[in-house]
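# Residue-level structural notes
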Amino acid sequence: MAQTVLIIEDNYVMLKIWQTELERAGYKVLTSNNSRLGMAKAKEKKPDIILVDSVLPDLDGFDVCKRLKSDPKTSEIPLIIMSNFDNADDHRNAINIGACDYLIKYHTMPERLIEMINYYTSPEKEDGPPPRMPSGKLMDMEQRKGDLLAKAGLISPQHLKEALKKVGLTGITLPQALMAIEAVTGTLKDQVLEFFYAADYVDLSQYLLDKDAVNLVTADFARHFSVIPMRFDEEKLIVAMSDPMDVEIEEDLRTRLKRPIKMVYAPEADIQKAIAIYYGSSLPMEEVMAEIERDRAEGKLDQEEDIMVGTTPVSKLIDTVMTQAIAMKSSDIHFEPRTEGMLVRFRIDGVLHDMQVIPKEAVAPVVSRIKIISNLDITERRRPQDGRIEMKIGEKKIDFRVSTTPVALGEKIVLRILDKSVALYGISELGLRSVEEKKFLRMLRQPDGMILVTGPTGSGKTTTLYAALNYLKSSETNIISLEDPVEFTIDGINQIPINPKVDLTFATALRSVLRQDPDIIMIGEIRDQETAELGIQAALTGHLVLGTLHTRNAPGAISRLVDMGVPPYLLASTLIGVIAQRLVRKVCDNCAEIYRVSPDADIPEDLLELKTMDLSRGTGCDFCRQMGYHGRIGVFEFMEISNRIKKLIVTGADTMELTEAARSEGMLTLREDATRLVKEGITTWEEMVTVI
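Residues numbered from 1 in each chain as written. Predicted model: local features only at pLDDT ≥ 70, side-chain atom pairs only at ≥ 80, totals over all residues. Heavy atoms only, no water.

## Remarks on the overall build of the chain
Rules: Counting from the N terminus, the helices are the DSSP runs of H or I reaching at least four residues and the strands are the DSSP runs of E reaching at least two. The cut-offs for exposure are 20% and 50% of the maximum accessible area for each residue type, with area from a 1.4 Å probe on protein chains only; residues under the lower value are buried, those over the upper are exposed, and the others partly exposed. Contact definition: two residues touch when any of their heavy atoms are within 4.5 Å. Throughout, the Shrake-Rupley method with a 1.4 Å probe supplies accessible areas, and for residues the shown protein chains are the sole cover considered.
Within the chain, the regular secondary structure consists of 27 helices and 23 strands. Burial status across the chain gives 53% buried among its 692 residues. Looking at the chain alone, contacts between residues at least 24 apart form 63% of all its contacts between residues at least 6 apart. Summed over all atoms, the accessible surface of the chain reaches about 31,000 Å², with 48% contributed by carbon and sulfur.

The structure is reproduced here in structure tokens:
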């Protein structure tokens, strides 16, 4: 029987590589990126050995070790604490609290890890640590790590080949070459750098920084050296910096503050953004509202000249609202007129939250100021208008797409936040099961055909398509996308903005694109028969076509295209696969607790088995702003077009028949995939039934 290994690690790259290599070696691997859920999994599953990271967002690896070793259910399970640094005190502490070893994770190759697991789970093991691997067995570390990334599907083999070629030509390091060719993007990029450089990576947007810690360093010092204190860990101060290998800055901070320092890695852009937020580039909301009250009392709120140049408290209010929305990772800001004033709401993780009521006397100046900075006509109040705002946070520019529309009580304004730095995900970051990820990569490696992504507005279709395009792009391919609108620009991809006002529709643009010698075409939305037929023809003539449809599930896409007038035999010969998706909120890692559903709970019949299981929910904390949820994850339904399904399409099978055929071949429906996430403690059943 295969041995079970539980890995508790918040770095996705490290987790994915070890999971891949251990599964290849025949182990059953359980994973958790959260310490509390990881401990619950250890008690429930009783793994043969546990690997736990020393630095986690909530409890660290030492706390996890102490708790598991003090629990009779888990006290006998061998546990290894993993760290980035070979710290003698931490090593000694790990052994003293019951860990069997202390592992320097980024210098430990998979074969060495397997040796350690075999040693500590063997009943015949001797006292003391396992023998060390001779240095002669180690390959060039950078190239070896690149091979591991490719094996785990975190980068494509083609990207690795390109990067190694660039290393040979320019002499730069492999991680620098991978970044230069954009083999990885988004948060995955930073975790890959952590993997290469052996420094703990932190996503600053996932932490609420301790203001007492932040105030230990001046804003000028923080900006100049690109550092920001995060929190206290007993006597140590945790400091994020863009170059954790710079020992001079670390020593300077230690001397200035007269306390031990622990440096962690964060991208410079993220640090500068955090500096702008925490060092007061915007005023606290209470202070701004107090200024507005003073100006209202003095009759100064609507002075047009001050509104135009942006010197009023109203201007400060708008800057503060926008900065606060970015800090809270909102996707939209709503300004809604009410009888008592104007309600400000943020959409966070797909849900709107009331934030602030602006006094009635300040509403007109607020609307005028937003129109001015959006280049809109401030005198036009009867018709909708669209505009754009660009805001600088640190060194990063954030775009806001602005929409105004007249309503009964005035004008409603919505600002869509477009943060280009967080738009691109790697395929490995989409939240797919390993089997689905392999299916997706298999689809994308086809030389021609059509892949469709379906779901309602706001279900993450664009994110999935961008991840696919980012995986496919290379110096050898010509990729053209048709989008309405182009929200995020991607280097290496020719993006065409659809503009019906000048007769540039998806259909007319697609005709032009086919004369541009494309290899891969992305159609932002297949809305009509003409676009669908042109997409099918492109797929038939040797192009890989990616597109989106608005359908409830994956099999429904076939019925929709047939209803549009696409002949079933053409669909059967061109369609590679269909992916349906939704987004559900994730349980907050910081306040997650294990619980049982009440016997009296009104739970759907197909979920009754959940009443007998330990589930997870968030209790609410400062980190998730008392919501119990933080972030979202995709729920997917993957339907590959097999020969059997092709025959069903040609014979005119309905959606139910297609669904049953796909399920018999291993497809999980959206409902089944969401249930899996509930069972794994990633989301709640209440969230699931709300979305699906």
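## As for the packing of helix α22 (residues 554-564) against helix α25 (residues 655-664)
For the record, the criterion: Between N-to-C directions, angles cover 0 to 180 degrees, with each direction set by a line fitted to C-alpha atoms, over the stretch in contact for helices. Crossing handedness follows the turn of the near helix against the far one: under a right angle anticlockwise gives a left-handed crossing, and clockwise gives a right-handed one. Under the grouping applied here, Gly and all other residues not named as nonpolar or charged are polar, the nonpolar ones being Ala, Val, Leu, Ile, Met, Phe, Trp, Tyr, Cys and Pro and the charged ones Asp, Glu, Lys and Arg.
Between α22 and α25, the shortest axis-to-axis distance is 9 Å and the interhelical angle comes to 140°. Helix-helix and strand crossings are classified by hand; for α22 and α25 the assignment is right-handed. Residues P555, G556, I558 and S559 of α22 form the contact with α25, whose participating residues are T655, L658 and T659. Its residues assigned to classes, the contact of α22 with α25 comprises three nonpolar, four polar and no charged.

## Thoughts on the packing of helix α1 (residues 12-24) against helix α6 (residues 141-151)
Packed helices, taken two at a time, are described by the angle between their axes plus the distance between the axes. Worth spelling out the cut-off: Angles below 35 degrees are treated as roughly parallel, those above 145 as roughly antiparallel, those between 65 and 115 as roughly perpendicular, and all remaining angles as oblique.
Put simply, α1 and α6 touch, their axes get as near as 9 Å, and they point 80° apart. Considered as vectors, α1 and α6 are oriented roughly perpendicular to each other. Two secondary-structure elements touch here, α1 through V13, I17, T20, E21 and R24 and α6 through L148, L149 and K151.

## Concerning the packing of aromatic side chains
For the record, the criterion: By convention, a stacked pair of Phe, Tyr or Trp rings (six-membered ring in the case of Trp) has centres within 6.5 Å and planes under 30 degrees apart, an edge-to-face pair has planes over 60 apart, and any other such pair is tilted.
Scanning the entire structure with this criterion turns up four aromatic pairs. Residues Y119 and Y120 carry aromatic rings whose centres are separated by 5.1 Å and whose planes lie at 85° to one another, so their mutual orientation is edge-to-face. Each member of the pair, Y119 as well as Y120, is classed as buried. When the centroid spacing of 6.1 Å and the interplanar angle of 55° are considered together, the rings of F636 and F638 count as tilted.

## Notes on the pattern of salt bridges
This is how the line gets drawn: When a carboxyl oxygen of Asp or Glu is within 4 Å of a side-chain nitrogen of Lys or Arg, the pair counts as a salt bridge.
This model, assessed by the stated rule, comprises 31 salt bridges. A salt bridge links R338 to E336; the shortest N-O distance between them is 2.8 Å. Residue E336 is classed as buried on the basis of its relative accessible area, which comes to 6%. Put simply, R596 and D614 hold a salt bridge, and the shortest N to O gap is 2.8 Å. Separated by 18 residues along the polypeptide, R596 in the loop between β21 (592-595) and β22 (615-618) and D614 in the loop between β21 and β22 bring together distant segments of the chain. Accessibility expressed as a relative area gives 40% for D614, which makes it partly exposed. Members of the salt-bridge network, linked through shared partners, are E336, R338, R345, D354 and K412.

## As for the sheet that holds strand β7 (residues 236-241)
The condition is simple: Strand pairing is assigned whenever DSSP identifies at least 2 bridges connecting the two strands.
Here we have three strands laid out as an open sheet, ordered β6-β7-β8, and mixed in their pairing. Looking at the sheet topology across the chains shown, the edges are occupied by β6 (227-233) and β8 (261-265). Across the sheet, the axes of successive neighbouring strands diverge by a mean angle of 30°, strand direction being ignored. Sheet topology places β7 next to β8; five bridges connect them, and they run parallel. Each bridged residue has a counterpart across the sheet, and for M241 the counterpart in β8 is Y265. Most of the contacts of helix α12 (residues 247-257) go to β8, to which it runs at about 140°, and overall it touches β6, β7 and β8.

## Some thoughts on the confidence of the model for the chain
Rules: Residue-level confidence of the predictor is what pLDDT reports, using numbers from 0 through 100.
Mean pLDDT over the chain works out to 84, with 89% of the residues at or above the 70 mark. The lowest-confidence element of the chain is helix α15 (residues 304-309), averaging 48 in pLDDT; the highest-confidence one is strand β15 (residues 449-454), averaging 97. Considering only residues more than four positions removed or in separate chains, one finds that residues 132-139, a stretch of pLDDT under 50, has nine contacts.

## Examining the sheet that holds strand β23 (residues 629-640)
Read across the sheet, seven strands follow the order β17-β16-β18-β19-β15-β20-β23 without closing on themselves; strand pairing throughout is mixed. The open sheet is flanked by β17 (494-497) and β23, the only strands paired with a single partner. Each strand axis lies, on average, 20° off the axis of its neighbour in the sheet, ignoring direction. Summarising the sheet, strand β16 (residues 479-483) and strand β18 (residues 520-523) pair through four bridges and their orientation is parallel. Each bridged residue has a counterpart across the sheet, and for S481 the counterpart in β18 is M522. Contacting β16, β17 and β18, helix α20 (residues 506-513) runs over the sheet at an angle of about 165° to β16.

## With respect to empty space enclosed by the protein
For the record, the criterion: Residues are said to line a cavity or pocket when one of their atoms sits within 4 Å of a point; the points come from a 1 Å grid over protein atoms alone, cavities being sets where a 1.4 Å probe fits but cannot get out and pockets being open sets with protein on both sides within 12 Å along at least five of seven lines. Grid points are joined across faces, edges and corners, and a volume is the space filled by probe spheres set on the points.
Evaluated as defined, the whole model comprises three cavities of 30 Å³ or more. Considering only enclosed or pocket space, the largest cavity measures out at about 140 Å³ in volume. Along the wall of the largest cavity there are 18 residues; nearest its centre are L154, A183, G426, I427 and Y471. The greatest single-element share of the lining of the largest cavity, amounting to three residues, is contributed by helix α19 (residues 461-472). Taken together, the residues that form the lining of the largest cavity break down as 10 nonpolar, seven polar and one charged.

## Some remarks on the environment of V247
Residue position: V247 is located in helix α12. By relative accessible area, which is 59% here, V247 ends up exposed. Spatially, the C-alpha atom of V247 lies 9.5 Å from that of M263, the residues being 16 residues apart in sequence.

## Re the nonpolar core
Under the convention used in this document: In these notes, a set of buried Ala, Val, Leu, Ile, Met, Phe, Trp, Tyr and Cys residues joined through side-chain atoms within 4.5 Å is what counts as a nonpolar core.
Within the largest apolar cluster, 57 residues are counted, with the highest numbers of intra-cluster contacts made by L452, I526, L561 and M639. Look past the residues within four positions of M639 in its chain and what remains in contact with it is M443, A554, P555, I558, G577, V578, I645, A662 and M667. In terms of nonpolar packing, the next biggest core, distinct from the first, is built from 44 residues, I117, Y120, L148 and F196 among them.

## Re α19
Quick note on the threshold: To estimate the expected span of a helix, count its residues, drop one, and scale the result by 1.5 Å.
In this model, α19 (12 residues) spans 17 Å end to end at C-alpha, consistent with the 16 Å of a helix rising 1.5 Å per residue. Within α19, 10 of the 12 residues are buried, leaving the element largely enclosed by the surrounding structure. For α19, the complete set of buried residues consists of K461, T464, L465, Y466, A467, A468, L469, N470, Y471 and L472.

## Thoughts on unusual backbone geometry
Phi at E182 is positive, roughly 55°, even though this residue is not glycine. Within the element layout of this structure, E182 appears in the loop between α8 (174-180) and α9 (186-197). For E182, a relative accessible area of 24% puts it in the partly exposed group. Positive phi, close to 60°, is recorded for N375, a residue that is not glycine. Along the chain, the position of N375 falls in the loop between α17 (360-373) and β12 (385-393).

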